[in-house]
Amino acid sequence: MVLKVISRTRYCFVQCLVFSFCITSCFNKTESPQTISIQWKDSLATGFIFSKEWFSDVPVDSLESALSIHVIQQGNQPPVFGDYLLLEEIVVFQPLVPFTRGLLYDIRVRGQSIDSIKIPPSDSRNAPEVLSAFPTQDTVPNNLLKVYLHFSKPMREDAPLRHVVLIHNQMDTLPDVFLDLQPALWNKEGTLLTLWIDPGRVKRDPQPNQNIGPPLQKDEVYTLFIKNDWEARDGSFLKRPFRKEFVVGARDSISPEPDSWTLEKPQAGTRNALKVKFHESQDYVVLKEAVHFRSMNGNISGEITLGGEESMVTFIPLTEWESGDYFLECESRLEDLAGNNLNRLFDRDITLEKFRSEKEHYRIKFSIN
C-alpha cells in the first residue's frame, strides 16, 4: 500500500475529480462532520473518501498503518490492498481492484471499527449475459480443441473454470476437461474467453490420452453449463445460467482445403456481398482475423461477418465493386474446430509426417464482372 501526499497546487483539481464520482453514505449521526463517501468511475466503486476529522489524532506518517479496510464476511478477513491519497481536507483509499457491489466493508482505525459501508448492488436490468458459445453448431468433432464464451459485459478474469461445468449425458460432471491456464485467455475487453480442451487428451499419443482417454466420446451428448455466480468487473453477476447442448461426431483428421471453397460473387457496380463458403465450421476467432480481400492495387476496405455456424464469411465493401481481378487471401493459421490449419494437422506423428506446406498465405483469384 502506498501513501501519496498531494500538493496544494494539485489539490483543487484532484478534489473536483474525486467528488464528481462520489455519493455520500448514510450515518446514524447526521450532524457529525465526519463523512465517508464512495468514489465511482464507470459504475465501478474505485475508492472510499474520508473527511480528515476521522484521523485528527493520527499522524500523517502513521495513516497507512492506522487505517485498514476489511470485507465483512465470516472469519477474520485480511485488509484490502490499495493506495492512500492524502489531500488537504480528505483522505482517499483506492483498492487495487474495485470494491465488489453488494458487499459490506468494515472501516478500522488502529484495529477498531469506526464504521461500515455497503457498496450498492448493481441494477439487475444491466446484469451481464453469455451472448453465445462457439462453436455454435450442435455437432462437434471428437477432437474439438477450443470453446469460446462471449459475454455482454467485461467479466472478472480470475479463475473462470470455477464457473464452467461440462456435463455428460445430463448426468455426470466431467473434471479436468479444460486447461486451467494462468492467466486465463481473455480478449483485451474482457468479454471473450478462450477455453482450451486439454490437448494432452485430445491428441492420441500423449500419456493423458492413454491414461484417461479423450474428453469427448463419439455419439455422446454433452452440456456446457455456465453458472450464474460469475461476476462482472462492475460487481454484477450473470443474469441467468447459460447452457449449450451438443453431440460429438467423428474425429476430424483433415486440414481445411482451400481448393474446395466456393465463392458467390456480386456484380460490378454494386455493394452486394461476396460470400465465401468453407463447407465446414472454422475456429471462430481465427476466422475473423485470417481472411482478407484484396484487389490488384491492395487491400479492400469493408465489413466481414461470419455465418453458417462459422462455415461462411460475408464481405461487404465500403465502395462499389469495380470490374476486374481480386484475391481472397487467407493466412495459413486458419484452422478448423480440431485445430488443423492449412499447413498441418494438429494431431500428427512428427517423425513420419512433414508439413503439408510452409506457406504463410493462400490466395484464391476471382473476377468481378
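Residues numbered from 1 in each chain as written. Predicted model: local features only at pLDDT ≥ 70, side-chain atom pairs only at ≥ 80, totals over all residues. Heavy atoms only, no water.

Caption draft 1: Structural view of the sheet that holds strand S12 (residues 146-151). Pairing within the open sheet is antiparallel, and its 4 strands lie in the order S10-S12-S16-S15. The open sheet has two free edges, formed respectively by strand S10 (130-134) and strand S15 (185-186), since each of these has just one partner strand. Pairing analysis gives 2 bridges linking S15 to strand S16 (residues 192-196), with the strands arranged antiparallel. Bridged to Trp186 within S16 is Leu193. (Pairing = 2+ DSSP bridges. Helix = DSSP H or I, 4+ residues; strand = E, 2+ residues; numbered from the N terminus.)

Caption draft 2: Expanded view of the pairing of strand S5 (residues 67-71). Of all the 5 residues making up S5, 5 are buried; the element is thus mostly covered by neighbouring parts of the structure. Residues Leu67, Ile69 and Val71 line one face of S5 and the alternating positions Ser68 and His70 line the opposite face, and both faces are buried. With 5 bridges connecting them, S5 and strand S8 (residues 104-109) associate as antiparallel partners. Within S8, the residue paired with Ser68 across the bridge is Arg108. (Buried < 20%, exposed > 50% of the residue type's maximum accessible area, 1.4 Å probe, protein only.)

Caption draft 3: Representation of the packing of aromatic side chains. According to the stated counting rule, one finds 16 aromatic pairs in the structure shown. Consider the rings of Phe48 and Tyr105, whose centres lie 6.0 Å apart with planes at 75 degrees: the pair is edge-to-face. Separated by 57 residues along the polypeptide, Phe48 in strand S4 (residues 44-51) and Tyr105 in strand S8 bring together distant segments of the chain. When sorted by exposure, Phe48 lands in the same class as Tyr105, which is buried. Relative to Phe278, the ring of Trp261 lies with its centre 4.8 Å away and its plane at 80 degrees, an arrangement referred to as edge-to-face. Residue Trp261 is located in the loop between strand S18 (242-248) and strand S19 (262-264), and its partner Phe278 is located in the loop between strand S20 (274-277) and helix H5 (284-290); the two are separated by 17 residues in the primary sequence. (Phe/Tyr/Trp six-rings, centres within 6.5 Å; stacked < 30°, edge-to-face > 60°.)

Caption draft 4: Structural view of the pattern of salt bridges. Considering all chains together, one arrives at 19 salt bridges under this definition. Across the salt bridge formed by Glu129 and Lys239, the nearest N and O atoms sit 3.8 Å from each other. Here Glu129, found in the loop between strand S9 (112-118) and S10, pairs with Lys239, found in the loop between strand S17 (221-226) and S18; they are 110 residues apart in sequence, far enough to count as distant. A salt bridge links Asp138 to Lys244; the shortest N-O distance between them is 3.5 Å. Pair noted here: Asp138 is in the loop between S10 and strand S11 (139-140) and Lys244 is in strand S18, with a separation of 106 residues, a long-range link. You can call Lys244 buried: its relative accessible area is 13%. (Salt bridge = Lys/Arg side-chain N within 4 Å of Asp/Glu carboxyl O.)

Caption draft 5: Highlighting the side chain of Ser311. As for its placement among the helices and strands, Ser311 is situated in the loop between strand S23 (302-307) and strand S24 (312-317). Owing to a relative accessible area of 18%, Ser311 belongs among the buried residues under this scheme. Setting aside chain neighbours within four positions, we find Ser311 in contact with Val276, Lys277, Phe278, His279, Glu280 and Ser281. (Contact = heavy atoms within 4.5 Å.)

Distances and angles like these do not, on their own, reveal function.
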